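A look at the structure
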Amino acid sequence: MRALLRSRAFLRSPLAFGGCFHDLSRLDGNFHRWYVEPLIADPARTERALEFTLDWVKQRYAFNRPIGSFQALKHRLADHAAQLEGAKAAAAHAARSVQTSAPDAAIAVSVAKSHCGRFATEIIRDCVQLHGGIGVTWEHDIHFYLRRAVSNEMLWGTPADHHERLCRLAGL
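Rules behind the numbers
Residues numbered from 1 in each chain as written. Predicted model: local features only at pLDDT ≥ 70, side-chain atom pairs only at ≥ 80, totals over all residues. Heavy atoms only, no water. Helix = DSSP H or I, 4+ residues; strand = E, 2+ residues; numbered from the N terminus. Buried < 20%, exposed > 50% of the residue type's maximum accessible area, 1.4 Å probe, protein only. Contact = heavy atoms within 4.5 Å. Areas by Shrake-Rupley, 256 points an atom, 1.4 Å probe, with all protein chains shown as cover. pLDDT = per-residue confidence, 0-100. Phe/Tyr/Trp six-rings, centres within 6.5 Å; stacked < 30°, edge-to-face > 60°.

Topic: the overall build of the chain
Helix and strand content of the chain: seven helices and two strands. Taken from N to C terminus, the helices and strands of the chain fall in the order α-α-α-β-β-α-α-α-α. Counting over 172 residues, the chain shows a buried share of 42%. Within the chain, contacts between residues at least 6 apart in sequence are counted, and of these 68% link residues at least 24 apart. Split by element, the accessible area of the chain, about 9,900 Å² in all, is 57% carbon and sulfur.

Next up, the structure:
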């Protein structure tokens, strides 16, 4: 561990700056490589939370009907599924760009992180709400997904941070 702390790779890593990217301009030009792993995990985690919620709304009954049969909930879940597909596509493109060392890799990673971070927290918050009171208790695991999504957003940069970075990369 001490060798890692002294290495130059660690000094260029996100952890060297206290783990928070509120000032993305302090990082060197290759920091987008550090984002790929947590970036890929965001859509996967969100998809799992959405699966939990779909199972829950099929099992939970109100007025002698599953709550998933109500039109308002169907539309919310359909919107979340569409947003999730967009986030998965953005994350896959960013990972492919970094893997092939594409010239637009930094842009692709910031676009994907902005998109995935925004929709991950939005979707999982709504999933917790759809679970009702059990979603915020220790009886169900959905709140762990929300905690992870919010902490990743703070740790790896908020969508606003990445929008600013995209403006800097574009020269605006």
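A few points about the confidence of the model for the chain
Low pLDDT means the predicted atomic positions in that stretch should not be read closely. Per-residue confidence for the chain averages 78 on the pLDDT scale, and 81% of its residues sit at or above 70. Here residues 1–22 scores under 50 on pLDDT; set against residues more than four positions off or in separate chains, the count is 28 contacts. Ignoring residues within four places in sequence, the model shows residues 24–28, a span with pLDDT below 50, making 11 contacts including any to other chains.

A few points about the packing of aromatic side chains
Per the counting criterion, the structure on display carries one aromatic pair. A ring pair is formed by phenylalanine 52 and tyrosine 145, whose centres lie 5.5 Å apart and whose planes are at 80 degrees; its orientation type is edge-to-face. Taken together, the positions of phenylalanine 52 in helix α3 (residues 32–59) and tyrosine 145 in helix α6 (residues 142–156) put the pair 93 residues apart, joining distant regions of the chain. For the pair formed by phenylalanine 52 and tyrosine 145, the shared burial category is buried.

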